[in-house]
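# Notes for the structure review
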Amino acid sequence: MIATRLYALLIALCRIMTGVAFGLLFATVLIQVFARTFLPESPVWTEEFTRQCLLYMAAFGVGLSYRNGELVNVELVTDILPAPIQKTLLFASAVLTTVFAGLLVMPAWQFVSIGKWQTSPALGVRMDFIHASVFVLLILLSLFAALRVVRMIAGVSNGKPEGQTGELP
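These lines cover the structure that appears in this document, whether it is placed above or below. From a predicted model like this one, the values you see are computed outputs, not experimental measurements. (Residues numbered from 1 in each chain as written. Predicted model: local features only at pLDDT ≥ 70, side-chain atom pairs only at ≥ 80, totals over all residues. Heavy atoms only, no water.)

### A look at the overall build of the chain
Looking only at helices and strands, the chain features six helices and zero strands. In the chain, the order of α-helices and β-strands from amino to carboxyl end is α-α-α-α-α-α. Over its C-alpha trace the chain gives a radius of gyration of 19 Å, far above what one expects of a compact globule, namely 15 Å for 169 residues. Overall, the C-alpha framework of the chain stretches about 65 × 35 × 35 Å when taken along its three principal axes. With 169 residues in all, the chain has 36% of them scored as buried. When contacts within the chain are restricted to residue pairs at least 6 apart in sequence, those whose partners lie at least 24 apart make up 70%. Split by element, the accessible area of the chain, about 10500 Å² in all, is 72% carbon and sulfur. Where the 11 positive side-chain charges of the chain centre and where its 9 negative ones centre are 8 Å apart. (Helix = DSSP H or I, 4+ residues; strand = E, 2+ residues; numbered from the N terminus. Rg over C-alpha atoms; globule rule 2.2 N^0.38 Å. Buried < 20%, exposed > 50% of the residue type's maximum accessible area, 1.4 Å probe, protein only. Contact = heavy atoms within 4.5 Å. Areas by Shrake-Rupley, 256 points an atom, 1.4 Å probe, with all protein chains shown as cover. Lys, Arg positive; Asp, Glu negative; His and termini not counted. Charge placed at Lys NZ, Arg CZ, Asp CG, Glu CD.)

### A look at the nonpolar core
Residues Cys-14, Tyr-66, Leu-140 and Phe-144 are the most contacted members of the largest nonpolar core, which totals 18 residues. Elements that contribute at least two residues to this core include exactly helix H1 (2–38), helix H2 (45–68), helix H4 (83–103), helix H5 (105–114) and helix H6 (127–154). With six residues, the top contributor of residues to this core is H6. With residues near it in sequence (within four places) discarded, Phe-144 still touches Tyr-7, Leu-10, Ile-11, Cys-14, Gly-63, Leu-64, Tyr-66 and Arg-67. (Core = buried A, V, L, I, M, F, W, Y, C linked by side-chain atoms within 4.5 Å.)

### Let's talk about the packing of H1 against H6
Look at H1 against H6: their axes get within 13 Å of each other, and the N-to-C directions meet at 150°. For the element pair H1 / H6, the angle class is roughly antiparallel. Seen from above, H1 lies across H6 with left-handed handedness. The residues of H6 that touch H1, namely those facing Tyr-7, Leu-10, Ile-11 and Cys-14, are Leu-140, Leu-143, Phe-144, Leu-147 and Arg-151. Within the contact of H1 with H6, the residues separate by chemical class into eight nonpolar, no polar and one charged. (Axes fitted to C-alpha atoms, helices over the stretch in contact; angles between N-to-C directions. Parallel < 35°, antiparallel > 145°, perpendicular 65-115°, else oblique. Left-handed = near helix turned anticlockwise from the far one by under 90°. Nonpolar A, V, L, I, M, F, W, Y, C, P; charged D, E, K, R; others polar.)

### Things to note about the pattern of salt bridges
Under the counting rule described, the total for this entry stands at four salt bridges. Of the charged contacts, one joins Arg-36 and Glu-47 as a salt bridge, the two residues approaching to 2.7 Å between their closest N and O atoms. Taken as a pair, Arg-36 in helix H1 and Glu-47 in helix H2 lie far apart in primary sequence, eleven residues in all. Accessibility expressed as a relative area gives 52% for Arg-36, which makes it exposed. Taking relative accessible area as the criterion, Glu-47 reaches 39% and is therefore assigned partly exposed. (Salt bridge = Lys/Arg side-chain N within 4 Å of Asp/Glu carboxyl O.)

### Here's the deal with the packing of aromatic side chains
Using the criterion set out here, one finds six aromatic pairs in the structure. Ring centres 6.4 Å apart and planes at 25° place the aromatic pair Phe-22 and Phe-26 in the stacked group. Of this pair, Phe-22 and Phe-26 both sit in helix H1, four residues apart, which is roughly one turn of that helix. Given a relative accessible area of 46%, Phe-22 falls into the partly exposed group. Directly above the aromatic system of Tyr-66 lies the positively charged group of Arg-148, at a separation of 4.2 Å from the ring centroid. (Phe/Tyr/Trp six-rings, centres within 6.5 Å; stacked < 30°, edge-to-face > 60°. Lys NZ or Arg CZ within 6 Å of the ring centre and 35° of its normal.)

Pasting the structure below:
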């Protein structure tokens, strides 16, 4: 089915981009540590670049975290409830996450557009490229939440995060 392949492609793309951001972060920190230890001066750009890598790592990883249940999750209350109520609450939570993240997309885009007149001090990169991480984060969070809603409606998912083994009856 094409929808399943697109879902798998989205997951793979997010994993790859999260890995790339982490790899760049790792390499930059190594450069920073090496320079501080063995060179008279460390490059100025490394601190700024590590922050930017962290932003993009969070942006590309948020959808995967939501999908796997590794984002903030309050199961203490829902786990003691009967299965039909659990499913209803999980559905409502996914809908609210979709709506809330979706409502923040346009303000995030305005935030991105402000950055085209600014540049980062150490790297000289236009800040709209950096601010875009917030936009990407909100798009991916709303997309993964919407996909959970669609999968619940289609009967493919019970609403529990895919990383959790506990199945609802």
